[in-house]
Amino acid sequence: MRTIFTKKGIVLAGVTLGLLGVLGSYFYGSNNNAGGNNLVYENKTNNTGADSDGDGLKDWEEGLWGSNPNLADSDKDGTPDGEEIRLKRNPALAGPNDALPGINPSLNEAQTKNETATSSENLTEFVSRQFLANYLASKNFGDGTTDKEAISDLLLENLQKQVYSDKYSKADVKFSAEGEANKKTYLNAAGGVLKKNFDKLDGNELQIMISVLKSDDMEELKNLEGFRKAYAASIAELASLKPTPDLIDLHTELLNILANSDRAVLDMQKIESDPFKALVGISEYLNGMGRMQGFLVSMNKKMNTDSIIFSYRDPGYAFVDYYAQAKAAGYIQ
Ligand SMILES: [Ca+2]
Ligand SMILES: [Ca+2]
């Protein structure tokens, strides 16, 4: 399963920070050139994202600010949403007291965040914050009158509201009778499904995204289709398997990880028209990676406890193999 962990899944932080770099330059150009930022930003988004209500904010930006993409004056305070951003006011909060957070010198010093991220949770926030910092700079929020960190918090809250919910519930799972033979049958079938669908794929989705953004060739987004097919096929095949009762939780977790990852990739493919959704996709993809590591740890612990041993030729060995690969890559301590 090359997608979420694996040898070729490479080091999480390296790939993600690479993605971050190209995401930044794709939409905003170099960070060192404030004048150029706006030009690049305008060029990239003028022809792509729609502004359904014609208020000067693209539909995806409205998602970021929590305003209504189909209503030019979302909070009905008499000022169109796009104009509110220009005036550094909140388009989702009725005026007159709707100024976006201003500079508070006493808070400012404590706001210097560290620039590194290690766990996938920190990394998700790190990626989002960098994106938001670039976005706010492109909207001229860097003139020293507003508190970019506090505004970024506000936007991050809107981003976090987009978190996916799990589709599969353990109550829906049909199961087999308890027993070692049934357990092995299930694990061989499930491991076989993952190997069959994912081992033929090279690289991972984040690497494809980096390539797309670097080349600016949206045709390359089609390279994500192989992953989406692998997710869809795996979900369909896994859903028809019957785990033993003690494996229902892990089975359900695996289905949800795969379903959310599939949705994350679908959202990443919208990078051009809806970078906000693509950012949600990247966050959820990273969450999926974290959950997959937890899944592998639990599955291997369970197999050890139950003394379930596979030869490396057995499909069920996939769970041992993926665990070893994730450990070797440093994802699991
Ligand atoms: Ca709009
Ligand atoms: Ca307002």
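Note that the coordinates shown come from a computational prediction; the quantities given were computed from them, not determined experimentally. (Residues numbered from 1 in each chain as written. Chains lettered and ligands numbered in written order. Predicted model: local features only at pLDDT ≥ 70, side-chain atom pairs only at ≥ 80, totals over all residues.)

Draft legend 1. Fine view of the overall build of the chain. The helix and strand tally for the chain stands at 13 helices and 0 strands. Tracing the chain from N to C terminus, the helices and strands come up as α-α-α-α-α-α-α-α-α-α-α-α-α. Buried residues in the chain amount to 39% of all 333 residues. (Helix = DSSP H or I, 4+ residues; strand = E, 2+ residues; numbered from the N terminus. Buried ≥ 20, exposed ≤ 12 C-beta atoms within 10 Å, placed from the backbone.)

Draft legend 2. Up close: the packing of helix α10 (residues 225-239) against helix α11 (residues 248-268). Across the interface, α10 lies against α11 with an axial gap of 9 Å and an inter-helix angle of 155°. With respect to their mutual orientation, α10 and α11 come out roughly antiparallel. Where α10 crosses over α11, the handedness of that crossing is left-handed. Contacts between α10 and α11 involve Phe227, Arg228, Tyr231, Ala232, Ser234, Ile235, Leu238 and Ala239 from the first element and Leu254, Leu255, Leu258, Ala259, Ser261, Asp262, Val265 and Leu266 from the second. (Axes fitted to C-alpha atoms, helices over the stretch in contact; angles between N-to-C directions. Parallel < 35°, antiparallel > 145°, perpendicular 65-115°, else oblique. Left-handed = near helix turned anticlockwise from the far one by under 90°. Contact = placed C-beta atoms within 7 Å.)

Draft legend 3. Highlighting the environment of Met299. Along the polypeptide, Met299 turns up in helix α12 (residues 275-305). Accessibility expressed as a C-beta count within 10 Å gives 23 for Met299, which makes it buried. Once the C-alpha coordinates of Met299 and His251 are considered, the two residues, 48 residues apart in sequence, prove to be 9.6 Å apart. Once you skip the residues sitting within four places of it in the chain, Met299 turns out to touch Leu250 and Phe319.

Draft legend 4. Looking closely at the packing of helix α8 (residues 180-198) against α10. It is the contact of α8 with α10, at a shortest axis distance of 9 Å, that shows an interaxial angle of 160°. Accordingly, the angle class assigned to the pair α8 and α10 is roughly antiparallel. Two packed elements cross with a definite hand, and for α8 against α10 that hand is right-handed. Across the interface between the two elements, Ala190, Val193, Leu194, Asn197 and Phe198 from α8 touch Ala230, Ala233, Ser234, Glu237 and Leu238 from α10. Within the contact of α8 with α10, the residues separate by chemical class into 7 nonpolar, 2 polar and 1 charged. (Nonpolar A, V, L, I, M, F, W, Y, C, P; charged D, E, K, R; others polar.)

Draft legend 5. Looking closely at α8. The end-to-end C-alpha distance of α8, which contains 19 residues, comes to 27 Å, matching closely the 27 Å that a straight helix rising 1.5 Å per residue would cover. If you check which residues of α8 are buried, you get Lys183, Tyr186, Leu187, Ala190, Gly191, Val193, Leu194, Asn197 and Phe198. The arc enclosing the buried residues of α8, seen along the axis, measures out at 150°, which places them on a common side. Buried residues in α8 make contact with α10 and α13 (318-328). (Expected span 1.5 Å × (residues − 1). Arc of directions from axis to C-beta.)

Draft legend 6. Representation of helix α7 (residues 148-160) in the model. The end-to-end C-alpha distance of α7, which contains 13 residues, comes to 18 Å, matching closely the 18 Å that a straight helix rising 1.5 Å per residue would cover. Listed as buried for α7 are Ile151, Ser152, Leu155 and Leu159. Along the axis of α7, the buried residues cluster in a sector spanning 100°; they form a single face.

Draft legend 7. Highlighting the nonpolar core. Counting residues in hydrophobic clusters, the biggest one holds 63 residues, and the most contacted among them are Met268, Leu296 and Phe319. Residue contributions to this core peak at 13 residues, all from α12. Residue contributions to this core reach at least three from each of two domains, namely domain 1 (7-11 + 167-328) and domain 2 (13-160). Not counting the four nearest positions on each side in its chain, Phe319 is found in contact with Leu187, Gly191, Leu296, Met299, Asn300 and Met303. (Core = buried A, V, L, I, M, F, W, Y, C linked by C-beta atoms within 7 Å. Domains from an automatic or database assignment.)

Draft legend 8. Spatial organisation of unusual backbone geometry. With omega at 10°, the peptide bond leading from Gly95 into Pro96 counts as cis. Its location among the elements puts Pro96 in the loop between α4 (81-86) and α5 (105-108). With a phi angle near 50°, Lys76 is a residue other than glycine that sits in the positive phi range. Within the secondary structure, Lys76 is located in the loop between α3 (59-65) and α4. For Lys76, a count of 9 C-beta atoms within 10 Å puts it in the exposed group.

Draft legend 9. Just the environment of Met218, in detail. Position of Met218 relative to the elements: it lies in the loop between α9 (205-215) and α10. Sequence separation of Met218 and Ile271 is 53 residues, and the distance between their C-alpha atoms is 8.9 Å.

Draft legend 10. Spotlight on the confidence of the model for the chain. Scored by pLDDT, the chain has a mean of 83; 80% of the residues are at 70 or more. Of all secondary-structure elements in the chain, the lowest mean pLDDT belongs to helix α2 (residues 34-46), at 43, while α8 reaches the highest, 97. Residue range residues 5-11 is modelled with pLDDT below 50. Its contacts to residues more than four positions away, or to other chains, number 22 contacts. Segment residues 30-43 is flagged for pLDDT under 50; beyond a separation of four residues in sequence, or across chains, it makes 16 contacts in the model. (pLDDT = per-residue confidence, 0-100.)

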